[in-house]
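# Descriptive analysis of the structure
The lines below spell out each chain.
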Amino acid sequence: MARMESLIGLVNRIQRACTALGDYGGDDQSFSSLWDALPSVAVVGGQSSGKSSVLESIVGRDFLPRGSGIVTRRPLVLQLQQIEEGQEEYAEFGHLPRRKFTDFSLVRKEIQDETDRVTGKTKQISPIPIHLSIYSPNVVNLTLIDLPGLTKVAVEGQPDSVVQDIEDMVRLFVDKPNCIILAISPANQDIATSDAIKLSKEVDPPGERTFGVLTKLDLMDKGTNALEVLEGRSYRLQNPWVGIVNRSQADINKNIDMIAARRNEREYFATSPDYGHLASRMGSEYLAKLLSMHLESVIRAKIPSITSLINKSIEELESELDHLGRPISFDAGAQLYMILELCRAFDKIFKEHLDGGRPGGDRIYGVFDNQLPAALKKLPFDRHLSLQNVKRIVSEADGYQPHLIAPEQGYRRLIEGSLSYFRGPAEASVDAVHFVLKELVRQSIGECQELKRFPSLQSTIAAAAYEALERFRDEGKKTVIRLVDMEASYLTVEFFRRLPQEVERAGNPGGNSRGNPRENPPRENSGGNLRGNRRETPPRENAVPEVTVDRFSEGHFRRIGSNVLSYVNMVSDTMRNTIPKAVVFCQVKEAKQNLLNFFYAQIGKKEGKQLGDLLDEDPTLMERRLQLAKRLELYKKARDEIESVSWVR
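Residues numbered from 1 in each chain as written. Predicted model: local features only at pLDDT ≥ 70, side-chain atom pairs only at ≥ 80, totals over all residues. Heavy atoms only, no water.

Taking 1.5 Å per residue, 24 residues should reach 34 Å; helix α11 (residues 332-355) reaches 34 Å between its end C-alpha atoms and fits that length. Here α11 has its buried residues at Q335, M338, I339, L342, C343, A345, F346, D347, I349, F350, H353 and L354. Phi turns positive, to about 100 degrees, at G356, one or two residues after α11. (Helix = DSSP H or I, 4+ residues; strand = E, 2+ residues; numbered from the N terminus. Expected span 1.5 Å × (residues − 1). Buried < 20%, exposed > 50% of the residue type's maximum accessible area, 1.4 Å probe, protein only.)

With that settled, the discussion passes to unusual backbone geometry. The backbone of K216 shows a phi angle near 60 degrees, a positive value even though the residue is not glycine. Residue classification places K216 among the partly exposed positions, given a relative accessible area of 21%.

Below, the discussion takes up the pattern of salt bridges. Oppositely charged side chains can form a pair if their charged atoms are brought close together. Enumeration over the complete set of coordinates arrives at 31 salt bridges. Notably, a salt bridge pairs R624 with E320, separated by 2.8 Å at the nearest N-O pair. Taken together, the residues R624 in helix α22 (residues 619-645) and E320 in helix α10 (residues 284-324) connect sequence positions 304 residues apart. Note on R624: relative accessible area 27%, which makes it partly exposed. In this structure, R558 engages E554 in a salt bridge whose closest nitrogen and oxygen atoms are separated by 3.3 Å. Linking R558 with E554, this pair stays in helix α19 (residues 554-594), spanning four residues, or about one helical turn. (Salt bridge = Lys/Arg side-chain N within 4 Å of Asp/Glu carboxyl O.)

All right, on to the packing of helix α5 (residues 162-174) against helix α6 (residues 195-203) then. Here α5 crosses α6 at 50 degrees, and the two axes come no closer than 11 Å. The angle between α5 and α6 places the two elements in the oblique class. You can see that α5 and α6 cross each other, and the crossing is right-handed. Counting all contacts with α5, which are made through V170, R171 and V174, the residues of α6 involved are L199, E202 and V203. Among the residues forming the contact of α5 with α6, the class breakdown is four nonpolar, no polar and two charged. (Axes fitted to C-alpha atoms, helices over the stretch in contact; angles between N-to-C directions. Parallel < 35°, antiparallel > 145°, perpendicular 65-115°, else oblique. Left-handed = near helix turned anticlockwise from the far one by under 90°. Contact = heavy atoms within 4.5 Å. Nonpolar A, V, L, I, M, F, W, Y, C, P; charged D, E, K, R; others polar.)

Have a look at this one:
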């Protein structure tokens, strides 16, 4: 008996814990359902088949709601636990674990109230079970699940689908291979029309899991009996049929207690001319013992598979808990350490993106190799150095006194105006890299699994990183603009010194032998007064006469524009190399080394409550971790208890 108490009591405790955690079977489970793996006895029958009376006879107490129509609207998990003789019997609900009910009329009322709490005061049904444990010296250790009675017609106040809904709910339990089916059928109806037998035959064709129970034997027509069924000739099951004689409505009205009803039942079978030879295998007391022994044997056979499921579930739970992370400490120092650890995890991912360990950093090189050169090529130098614009700028630079040799001021204005166009591509390169860095920050925060727990810290780190990137961008813009201004502030004189002289002698062997200025246009000393002028030597005797050059001709101004464009192209090549250096130094390198330095300085000054606010974890994750921890505790406890009893022989 000790073995039976240990095994059935263990299953009872696990079932109660499963319901408390929301695991009551079905397909919508995050993990394998422990409830589905536990052997159970489901009581199935049509309305008015005597289900409630059978259960009350087994318990020996009048405690179930009664009435017309669908009375049982939620599964009732009835866990019977035998206590020593002389102890007071009491009941305890799973949803009221600290309250003992010694008045069983209050048990009936609580079942009704708890049903209404979930389904409302309607005729709706719910698959969420009610757990009721009854401790009594008059019961055997047994667990039964009372299911809503099968019906064929919806009553007033119920949807038309209730008939199918009830059948689906009953199937949800009896379809499981670990479920023992207690099929209740009234003896005063043809067994072929029994709803319970019909359903059990569909889910258990061999009849291995089904126990047949015939009620209302005393209400059969005179001269008839149910021996064909009870002896298995009418409908054979692998397990024996058991006959039950319930209290009559008159007995209920007279408040005849269940103990007296059990005695009357024993007398009925012992004195019955039809069932006397079966008296030892009839009655509610025999049924309870039979089910208890069978349930114990099934539990023992299922222990290895239950243990395997528990071990697998423990691994899954521990894995998810590791993924969710450890709980948050209330100590300020531990919280600060945790925040810094999370920041370092994010910073590591961000650096991996920049260094090529993760994708994204190559987009920065794309800015330098594609966007910057393309922007430099699109600069409007052709418009700025057009013939008309060159004439205008040179003329404006001369003022009232035209230039004498080379228009130095005109050159300077043209060059400075051209170089100012480099500001746009330089700043655009800074902005483009800034955008890439911001995107990498966003991506890194999303990829940091540890940070997903803390939305507040996520947004705070992102804001701090974006603020730092803004500072780096400002410094980058200042630097690249300074590079442009440096080029404009001091021109490369050597470039102009290398330009050919503006005026060439007509007989110059390197010139045009025909002296046609259109075919060989004169070249101006573009150095002008840029400290690169050479003094013209007077013509020697017998020298070829010089060609007179019109310094205000179109060719003259075209040459000026051409010289300026050559210089600007040289500067463009320089900018193409120096702008990336400045951007990387001011933005990329700073982001790698000092992205969160300012945040670190600020976080160290925060108090405990402020740190706790940053670690304000997503309530959904907190609840998930709590549920996982509770379930893990349940599974570990169940494993220990199973191991402690499974060795008993």
